[in-house]
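Fold and contact review
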Amino acid sequence: MEMNSSNLWVFIETNEKGQAHNVGLELLNPGHSLSRAQGDEVVAIVIGQHTEAAVASAEAYGSDRIIIVEGEEYARYSTDAFAYAFHALITKYAPTSILIGATDLGRDLAPRLACRLKTGLTADCTELDFDEESGNIAWTRPAFGGNLMARILCPNHRPQIGTVRPAVFKKPEQDTSHKAEIVREEIHFSIENIRTKLIEEILDADNETIDLEGAEIIVSGGRGVGGPDGFKVIQQLADALGGTVGASRVAVDSGWISSAHQVGQTGKTVRPRIYIACGISGAIQHLAAMSSSDTIIAINTDPEAPIFKIADYGIVGDLFKVIPEFIALIDEQILTMAV
Amino acid sequence: MNILICVKQVPDTTEIKVDPVTNTLMRAGVPSIVNPFDACALETAARIKDETPDTKIVIVSMGPEQAKVALTECLAVGADRAYLISGRGFGGSDTLATSYILSCAVRKLEELEGKFDIIFCGKQAIDGDTAQVGPELAEHLGLAQVTCALEAKTNGNTVQVRRKTERGSEILGVEMPCLITMTKTAYEPRYASSRKKREVAKQEIPTLDENSFEIDLTRAGLKGSPTKVKKTFTIPQNSTGVIFHEATERQSTISLFELLVKGNILQLGVRYGNE
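Quick notes on the rules
- Numbering of residues starts from 1 in every chain and runs along the sequence as written.
- Whichever chain is written first becomes A and whichever ligand is written first becomes 1, with later ones labelled in order.
- For a predicted model such as this one, the threshold for reporting local features is a pLDDT of at least 70, and the threshold for listing and counting side-chain atom pairs is 80 or more; totals across whole chains, interfaces and linings nevertheless cover every residue.
- Side-chain metrics rest on all non-hydrogen atoms present in the structure, leaving aside hydrogens and water.
- UniProt positions are given in the numbering used here, feature names are shortened, and annotations may be inferred rather than shown by experiment.
- We count a stretch as a helix when DSSP gives it H or I for four or more residues in a row; a strand needs E for two or more, and each element gets its number in order from the N terminus.
- Here the globule rule reads 2.2 Å times residues to the power 0.38, and the radius of gyration is calculated from C-alpha atoms.
- Throughout, exposure labels follow a simple rule: accessible area from a 1.4 Å probe, protein chains only, divided by the maximum for the residue type, with under 20% read as buried, over 50% as exposed, and the rest as partly exposed.
- The contact definition used throughout considers only heavy atoms, calling two residues in contact when any of these lie within 4.5 Å.
- Values of accessible area rely on a 1.4 Å probe in the Shrake-Rupley scheme; residue burial ignores everything except the protein chains shown.
- Only four residue types enter the charge count: Lys and Arg as positive, Asp and Glu as negative, with His and the chain ends excluded.
- Charge placement uses NZ in Lys and CZ in Arg. For Asp and Glu, CG and CD serve respectively.
- Only buried Ala, Val, Leu, Ile, Met, Phe, Trp, Tyr and Cys residues count toward a nonpolar core, and they belong to the same one when joined by side-chain atoms within 4.5 Å.
- Pairing between strands is defined by DSSP: at least two bridges between the two strands are required.
- What counts as an axis is a line fitted to C-alpha atoms, over the stretch in contact for a helix, and the angles between N-to-C directions run from 0 to 180 degrees.
- Here the buried area means the combined drop in accessible surface, using a 1.4 Å probe, for two parts upon being joined, counting both sides.
- Throughout this description, the term salt bridge denotes a Lys or Arg side-chain nitrogen within 4 Å of a carboxyl oxygen of Asp or Glu.
- Residues adjacent in sequence count toward polar contacts only when both atoms are side-chain atoms; beyond that, a polar contact is any pair of N or O atoms within 3.5 Å, and within protein one must be able to donate a hydrogen and the other to accept it.
- The residue classification treats Ala, Val, Leu, Ile, Met, Phe, Trp, Tyr, Cys and Pro as nonpolar and Asp, Glu, Lys and Arg as charged. All others, Gly included, are polar.
- Here the limits of each domain have been adopted from an automatic or database domain assignment.
- Side-chain rings of Phe, Tyr and Trp (the six-membered ring for Trp) are treated as a pair once their centres are within 6.5 Å; stacked means planes under 30 degrees apart, edge-to-face means over 60, and tilted covers the remaining angles.

The name an unreviewed UniProt entry gives chain B is Electron transfer flavoprotein small subunit, with Acetobacterium tundrae as the organism.

Looking at an unreviewed UniProt entry, one finds chain A named Electron transfer flavoprotein subunit alpha and attributed to Acetobacterium tundrae. What UniProt records for chain A under Sequence similarities (unreviewed entry) is the sentence "Belongs to the ETF alpha-subunit/FixB family."

Structure, rendered in structure tokens:
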């Protein structure tokens, strides 16, 4: 088999159960459009102890080829073992471009890898394009707390690497009949040489049940919610709509709700069908993380609040008066339909 | 114990506004501060020093002469020594070039101050937000790394680091020497006393430039940077939404609700059908 050296790679991050993290599958989407622009293939990279589930997802979401590295040393992520294996693959196949999710894991791995390869890395991209003029990927990312966008090229070094935030792209259409070429590589790293040892894992109590990135509807609360009791009202609206509760940084930092709910630059990036911002003024860091939602609805007492600048719909008013009215209207509507 | 902390002086990005007319950043009058994540790193080191008093804390910053203000602030809250890395050939460096320059400087600092057991960085600087310099510095120096740490305590020859993960947190043990990047800690950075501020105002902060240590200048600055900024722009924010501000919240809510149902945005039928 002849190896095409001008391929685009997507790193398929896996969780502790060996399932693919959404972000890797999402990246197959821009991966396709970018590789087509360059006449290349999209190659998924899966590293883990048990990779079947992630490989099946990578295949169904349209990878042309999947390179698998398996071993017990990859059961949990470690910088040392993963950087070693990934670097060995890159050295062997010389891909043109690599996309990695900007998760905690991706942000730990990507710079280590880029530095080992002495190449350029662009972090936290929110937009990817093919720059026809130079034949490079144009990586667009926010800087200065989201106040400024920068378009970055890596013209003279390969591979060109970027990390991309979860939920920036939508997953491609799933096609379970799609077949990818499977390549297995035996690369091993001695467990004793992993310099970070796990001592204890502490799981957030409600983390399992909160899936902000996959939520269709998010009802978020901010400073205007006023305290933990106020979040009960936010929860009621979320329940009425079948949605998930989000929160601004102020609400999380004030201890009103756990950080698993945080939407923003230090929290999750989301793109639900409906985002309802309640008592959130709209700091640029928050806006950057939710502005690609399909429909944004804002409720705020301050008509000058920045959130109204990006909202599709809004009410200037007290959320504690608006939300109960809103819930009553929902109930009324559902009753009407049931009759 | 010998600890090095890399700090950056940054504009307070929460104070930056975009000029609504020209769509450019309004930087005038924006205060310069010690990058908040670096302040968390300094506080974590200071707590290690509280426990192990014979700890020395060295601060290094790469930047213009005015970054000495940030270094002096760090000295006032408990750092012992500070160095500025500043040179003509360093300007325009991306993260790979910056981390390379820092790695060369660290080797020189180890000649002056002794080997470092822990190098702390902030997780990321709030102006660039890349979170790359820490791990890249670790790679240049061949050190083990832990990123996004919430807490770090020493225990014999190892550091126990609590690290934020997607699912909560994990405690990792890592042998020294190592590099740790700190995220926002649960504890607030301590303040400097007025007496300490007066004391450190006179403390000399040496500047190291390209002649002070061994470095391949082709790997520094603009020409040593693989990434190039093609252009920067701001996103214009023009209000086009339908905002209700009627006499009562009830009226506004009814108007909004009608619009949402008519536009098929609220698909309550779908929800009902699923039940």
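The structure having been displayed, the exposition proceeds.
Right, let's talk about the overall build of chain A for a bit. When you go through chain A residue by residue, the secondary structure sums to nine helices and 16 strands. Taken against the 2.2 N^0.38 rule, which gives 20 Å for 339 residues, the C-alpha radius of gyration of chain A at 22 Å falls within 12% of a compact globule. With respect to the principal axes defined by its C-alpha atoms, chain A has extents near 65 × 50 × 45 Å. Burial analysis of chain A (339 residues in total) assigns 60% to the buried set. Long-range contacts, defined as pairs at least 24 residues apart, comprise 63% of the intrachain contacts of chain A with a sequence gap of at least 6. Total accessible area on chain A is roughly 13000 Å²; 49% of this is exposed by carbon and sulfur atoms. Once the 27 positive and 46 negative side-chain charges of chain A are each reduced to a mean point, those two points are 5 Å apart.

Moving on, we get to the nonpolar core. Ranked by internal contacts, the top residues of the largest apolar core, which has 38 residues, are Phe231(A), Ile234(A), Leu237(A), Leu241(A), Ile276(A), Ile323(A) and Ile330(A). In terms of residues, this core owes the most to one element, helix H9 (residues 319-338) of chain A, which gives eight residues. For Phe231(A), the residues in contact, after removing those within four places along its chain, are Gly221(A), Val225(A), Val245(A), Gly246(A), Ala247(A), Ala251(A), Trp256(A) and Ile257(A). Of all hydrophobic cores here, the second largest spans 37 residues; its members include Ala67(B), Leu71(B), Ile118(B) and Tyr187(B).

Once that is clear, we can look at the sheet that holds strand S11 (residues 196-203) of chain A. In spatial order, the strands read S11(A)-S11(B)-S10(B)-S9(B)-S12(B)-S8(B)-S1(B)-S6(B)-S7(B)-S13(B); together these ten strands make up an open sheet with mixed pairing. For this open sheet the edge positions go to S11 of chain A together with strand S13 (207-208) of chain B, each flanked by a neighbour on one side alone. Along the sheet face, helix H4 (residues 104-117) of chain A touches strand S9 (144-155) and strand S10 (158-165) of chain B and points at about 105° away from the line of S9(B). Contacts between helix H2 (residues 68-76) of chain B and the sheet are confined to strand S1 (2-7), strand S6 (56-62), strand S7 (81-85) and S13 of chain B, with S7(B) contributing the most and set at about 165° to the helix.

Further remarks concern the interface of chain A and chain B. Each side of the interface is counted separately: chain A has 85 residues, and chain B has 81 residues. In this assembly, chain A packs against chain B so that about 7500 Å² is buried in total across both faces, 57% of it on carbon and sulfur atoms. Here chain A is connected to chain B by seven salt bridges. Its salt-bridge partner being Glu325(A), residue Arg250(B) comes within 2.9 Å of it at the nearest N-O pair. At the surface where chain A touches chain B, the tally comes to 31 residue pairs in polar contact (both at pLDDT 80 or more). Per element, the largest residue contribution to the side of chain A that touches chain B is ten residues, and it comes from H9(A). Taken together, the residues of the side of chain A that touches chain B break down into 37 nonpolar, 20 polar and 28 charged. Direction of pairing for strand S16 (residues 313-316) of chain A relative to strand S15 (residues 242-244) of chain B: parallel, over a ladder of three bridges. Each bridged residue has a counterpart across the sheet, and for Ile315(A) the counterpart in S15(B) is Phe244(B).

Here we come to the domain arrangement of chain B. Taken domain by domain, chain B comprises domain 1 (2-224) and domain 2 (239-275). For domain 1 of chain B versus domain 2 of chain B, the distance between C-alpha centres works out to 49 Å.

Enumeration over the complete set of coordinates arrives at eight aromatic pairs over all chains. Taking 5.4 Å as the distance between ring centres and 45° as the angle between the ring planes, the aromatic pair formed by Phe11(A) and Phe86(A) counts as tilted. Of the two residues, Phe11(A) sits in strand S1 (residues 8-11) while Phe86(A) sits in helix H3 (residues 79-93), which places them 75 residues apart along the sequence. Like Phe11(A), the residue Phe86(A) is buried in the burial classification. Seen from their ring centres, Phe90(B) and Phe213(B) are 6.3 Å apart, and the 20° between their planes marks the pair as stacked. With Phe90(B) in the loop between S7 and helix H3 (95-113) and Phe213(B) in the loop between S13 and strand S14 (228-233), this pair connects stretches of sequence that are 123 residues apart. One aromatic cluster is present, built from ring pairs that chain together Trp9(A), Phe11(A), Phe86(A) and Tyr93(A).

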